[in-house]
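As a plain string of letters, each chain reads:
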Amino acid sequence: DAGITQSPRHKVTETGTPVTLRCHQTENHRYMYWYRQDPGHGLRLIHYSYGVKDTDKGEVSDGYSVSRSKTEDFLLTLESATSSQTSVYFCAISEYREETQYFGPGTRLLVL
Amino acid sequence: GEDVEQSLFLSVREGDSSVINCTYTDSSSTYLYWYKQEPGAGLQLLTYIFSNMDMKQDQRLTVLLNKKDKHLSLRIADTQTGDSAIYFCAESIGTGANNLFFGTGTRLTVIP
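Every value quoted in this text rests on a predicted model; they were computed, and no experiment measured them.

### Regarding the overall build of chain A
Part 1 of the argument: Scanning chain A from N- to C-terminus turns up 0 helices and 11 strands.
Part 2 of the argument: For chain A, the sequential pattern of α-helices and β-strands runs β-β-β-β-β-β-β-β-β-β-β.
Part 3 of the argument: The C-alpha radius of gyration computed for chain A amounts to 13 Å, which stays within 12% of the reference 13 Å derived for 112 residues, consistent with globular compactness.
Part 4 of the argument: Taken along its principal axes, the extent of the C-alpha atoms in chain A is 35 × 30 × 25 Å.
Part 5 of the argument: Within chain A, the fraction of its 112 residues that count as buried is 50%.
Part 6 of the argument: Long-range pairs, those at least 24 residues apart, make up 55% of the contacts in chain A between residues at least 6 apart in sequence.
Part 7 of the argument: Surface accessibility of chain A: about 5200 Å² in total, with carbon and sulfur atoms responsible for 48%.
Part 8 of the argument: Across chain A, 12 positive and 14 negative side-chain charges occur, with their mean positions spaced 4 Å apart.

Below you can see the structure in the form of structure tokens.
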């Protein structure tokens, strides 16, 4: 793995509660991404960041917000979790936008 | 998002060759990737091919790209039980907000 950790690795929460997932990298890559993985959909981009405090929406951004206050950390927040957000969440990094993305180990989130 | 399609399942006997296929719709792709996901793990980059190439070989892996038919394949020679995993193809398109599109993944099962 390219120096990417995600925390927590597993989480169970209740509908309506806020949840924050953390992605931490040690590669000093500029770009960081959050994806969700669901059966039948492959991976879909939620949000990405192209620098500190610079973020943009992906394909499935509704219900999610992100923040990046340091190069090494990219946070994904579910303000009020819903059952449809039960998924496996992957963080990825890349040096440049067009370059290969390297993935973290994933966070498995269950919203009851 | 773009359509990247893969068959869901493939079973092969140990020692045989595996061929995993992928079709995509956008002819402006720059890179095409193959990722491997083992149970409970993140996505590991296996190999990639630039869109102006038609073949790339890397040890037991051979990637074939047919741009005319928008068809990508991954051949694994002498398939081993450790190759059992889900394989994702992904298409990189330009530099827009969503530039990496994944297929749904093919679950490869290697039978001893």
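### Side note on the environment of Glu-38 of chain B
Residues and elements named next belong to chain B.
Part 1 of the argument: Turning to its location among the elements, Glu-38 is positioned in the loop between β4 (29-37) and β5 (43-50).
Part 2 of the argument: Each C-alpha atom of the pair Glu-38 and Ala-85 lies 4.8 Å from the other, and the pair is 47 residues apart in sequence.
Part 3 of the argument: Beyond its immediate chain neighbours, meaning those up to four positions away, Glu-38 contacts Gly-82 and Ala-85.
Part 4 of the argument: Separated by 3.2 Å, the side chains of Glu-38 and Lys-36 make a polar contact.

### A short note on a nonpolar patch on the surface
Residue and element names in this part refer to chain A.
Part 1 of the argument: Residues Val-12, Leu-110 and Leu-112 make up a contiguous nonpolar surface patch of roughly 290 Å² in combined accessible area.
Part 2 of the argument: Summarising the element assignment, Leu-110 is placed in strand β11 (residues 107-111).
Part 3 of the argument: With a relative accessible area of 36%, Leu-110 lands in the partly exposed category.

### Some remarks on the pattern of salt bridges
Pairing between side chains of opposite charge can happen when the charged atoms of each approach one another.
Residue and element names in this part refer to chain A.
Part 1 of the argument: Applying the stated rule across the entire model yields 7 salt bridges over all chains.
Part 2 of the argument: Between Asp-73 and Arg-22 there is a salt bridge, and its shortest N-O distance comes to 3.1 Å. Of this pair, Asp-73 sits in strand β8 (residues 73-78) while Arg-22 sits in strand β3 (residues 19-25), and the two are 51 residues apart along the sequence.
Part 3 of the argument: Given the relative accessible area of 8%, Asp-73 is considered buried.

Rules behind the numbers
Residues numbered from 1 in each chain as written. Chains lettered and ligands numbered in written order. Predicted model: local features only at pLDDT ≥ 70, side-chain atom pairs only at ≥ 80, totals over all residues. Heavy atoms only, no water. Helix = DSSP H or I, 4+ residues; strand = E, 2+ residues; numbered from the N terminus. Rg over C-alpha atoms; globule rule 2.2 N^0.38 Å. Buried < 20%, exposed > 50% of the residue type's maximum accessible area, 1.4 Å probe, protein only. Contact = heavy atoms within 4.5 Å. Areas by Shrake-Rupley, 256 points an atom, 1.4 Å probe, with all protein chains shown as cover. Lys, Arg positive; Asp, Glu negative; His and termini not counted. Charge placed at Lys NZ, Arg CZ, Asp CG, Glu CD. Polar contact = N/O pair within 3.5 Å; in protein donor to acceptor, adjacent residues only side chain to side chain. Patch = residues over 30% accessible without salt bridge, like charges linked within 9 Å, V, L, I, M, F, W, Y side chains within 5 Å. Salt bridge = Lys/Arg side-chain N within 4 Å of Asp/Glu carboxyl O.

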